[in-house]
Amino acid sequence: SLPCFLFVKDRASGKMERFELEVGRAFRKIKETLTHIREYPGILDFLIATFIALNAINTIMIFMSVYAKKVIGFTDSELIIFYVVSTLFAIAGSFVCGFITDRLGAKRTLCRVLELWCITAFLAILSFHKGLFWVVGPLAGICLGSTWTASRALVVDLSPPEMVGEVFGFYGLAGKFAAIIGPLVWGACVLVFGFLGNVKYRLAIFILLLFMCAAYYFLRRVPEKASVKGR
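Residues numbered from 1 in each chain as written. Predicted model: local features only at pLDDT ≥ 70, side-chain atom pairs only at ≥ 80, totals over all residues. Heavy atoms only, no water.

Draft legend 1. Inspection of the pattern of salt bridges at higher detail. For the structure on display, the rule yields four salt bridges. Close ionic contact of aspartate 45 with arginine 221 constitutes a salt bridge, the shortest N to O distance being 3.5 Å. Note that aspartate 45 is positioned in helix α3 (residues 43-72) and arginine 221 in the segment after α8 (199-220), a separation of 176 residues in sequence. The exposure class assigned to arginine 221 is partly exposed, which follows from its relative accessible area of 45%. Residue glutamate 78 is joined to lysine 130 by a salt bridge in which the shortest nitrogen-to-oxygen separation is 2.9 Å. Remark: lysine 130 occurs in helix α6 (residues 130-158) and glutamate 78 occurs in helix α4 (residues 76-104); sequence separation between them is 52 residues. Judged by relative accessible area, glutamate 78 falls into the partly exposed class, the value being 24%. Exposure remark for lysine 130: the relative accessible area of 28% places this residue in the partly exposed category. (Salt bridge = Lys/Arg side-chain N within 4 Å of Asp/Glu carboxyl O. Helix = DSSP H or I, 4+ residues; strand = E, 2+ residues; numbered from the N terminus. Buried < 20%, exposed > 50% of the residue type's maximum accessible area, 1.4 Å probe, protein only.)

Here is the structure:
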């Protein structure tokens, strides 16, 4: 974050108003946005898609090591290498996805990323040996890095210029809440289907795959650019 602090300059905003007035204005603006959010086509569907997808993505990141050890049979040393390799692919995926987003547009790119997430989850379900799972890890890394790159670009595309910061706030809030439901669903699935042995983990991944499909449905309804109904 240091380059941002050192080299990105804030615009001069003139005379600062009192902090209390600014806080009150911010909450009134949030209430107004929630009341009239349907006037901005795509923002609500995007936030719903983000919330659903991040439930699955966060859960995959949390429980990937559990799945790799208990289902695939990875050792601790193999798991460390697995995460290092996956992280390197995540970095590369973020970088390459930026160029793809410029060429295809943020929405189309994010749709392709969700499709790749579905393929990755499906391959994880079908993984019965370490060789195939070594493909799953780098694919998940690419998807993870690309998700952040394309989704943030889509926030900018969908938001009217005066609402970019506000929509980013809702986007971040959706991500925070998405860290709750996914792990609960995973835990419930493992508990309910515990009598199936390791198959319970594959069923949990399948449910996360359904999350991705639902997110894809809502994302398809999102327009390419910001617009306001009636204008």
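Now that the structure is up, let's keep going.
Draft legend 2. Just the side chain of asparagine 55, in detail. Along the chain, asparagine 55 turns up in helix α3. By relative accessible area, asparagine 55 is classed as buried at 1%. Discounting residues that sit within four places of it in the chain, asparagine 55 has contacts with Phe177, Ala178, Ile180, Ile181, Gly182 and Phe211. (Contact = heavy atoms within 4.5 Å.)

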